[in-house]
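Close look at the chain arrangement
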Amino acid sequence: LKPFLDQASLDRSAGPATLSPAILIWSVHRSFRKRMARRSILSIAAVAALALSLLRASLAPAFAGSSGQQPAARGPRVALAAEKRFEVFVTNPSVGARTRMMISPSMTCAEIVERGRKELGFDQPWINNEDFKLYKAEDESTPLKGSVADNEMKPWGPDGTELHLIFQP
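Residues numbered from 1 in each chain as written. Predicted model: local features only at pLDDT ≥ 70, side-chain atom pairs only at ≥ 80, totals over all residues. Heavy atoms only, no water.

What the rule picks out here adds up to three salt bridges. Arg98 serves as the salt-bridge partner of Glu162, at 3.4 Å between the closest nitrogen and oxygen. On the criterion of sequence distance, the pair formed by Glu162 in strand E4 (residues 162-167) and Arg98 in strand E2 (residues 97-103) is long-range, its members being 64 residues apart. With a relative accessible area of 17%, Glu162 lands in the buried category. (Salt bridge = Lys/Arg side-chain N within 4 Å of Asp/Glu carboxyl O. Helix = DSSP H or I, 4+ residues; strand = E, 2+ residues; numbered from the N terminus. Buried < 20%, exposed > 50% of the residue type's maximum accessible area, 1.4 Å probe, protein only.)

Shown next, in the form of structure tokens:
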């Protein structure tokens, strides 16, 4: 093809309107190869960027704000806290408001009333804590006094403790 192009390039004396078809084909072919080379480099870069972003997303933490790594001492500390504290339900039966509360055996019933009022939205300053009484759900005849351990409260479950917080001024 090269000797043919050299021979065809001799026909240039007549001007641009009389270029031979071989020169036109050769120039189109050469520009097409350059464009394809540019396109292939761009497509490789685009595929690499996509793969990198997918890899980064799959290795990222699942939740916003989480660092992905927990401190090493967290496990034993949580296990110790789980042995001391347990969950009960505190309900105000007159309005149907309920909350779950983590309590410890040393916690007093007065502290449960105070926290329960706050969590249920009954913490107005003009109402005294003593106006609220705490009962076991099974027996609302005797108000609870003393600590959690004194009243034999059990962790929440099928036979767990549900407490009723009732306003009785």
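To continue, consider the nonpolar core. In this structure, Val90, Ile103, Ile112, Leu134, Met153 and Leu163 are the most contacted members of the largest nonpolar core, which totals 19 residues. Every element with two or more residues in this core is listed here: strand E1 (86-92), E2, helix H4 (109-120), strand E3 (132-136) and E4. No other element matches the four residues that H4 contributes to this core. The residues touching Val90, leaving out its near neighbours within four places in the chain, are Ala97, Arg98, Thr99, Met101, Ile112, Leu120, Leu163 and Leu165. (Core = buried A, V, L, I, M, F, W, Y, C linked by side-chain atoms within 4.5 Å. Contact = heavy atoms within 4.5 Å.)

Bringing the sheet that holds E1 into the picture now. Pairing within the open sheet is mixed, and its four strands lie in the order E2-E1-E4-E3. Among the strands making up the open sheet, the edge pair consists of E2 and E3. Neighbour-to-neighbour, the strand axes of this sheet turn through a mean angle of 30 degrees, independent of strand direction. Sheet analysis places E1 next to E2, joined by seven bridges and oriented antiparallel. In the sheet register, Val88 faces E2, and the bridge partner there is Met101. (Pairing = 2+ DSSP bridges. Axes fitted to C-alpha atoms, helices over the stretch in contact; angles between N-to-C directions.)

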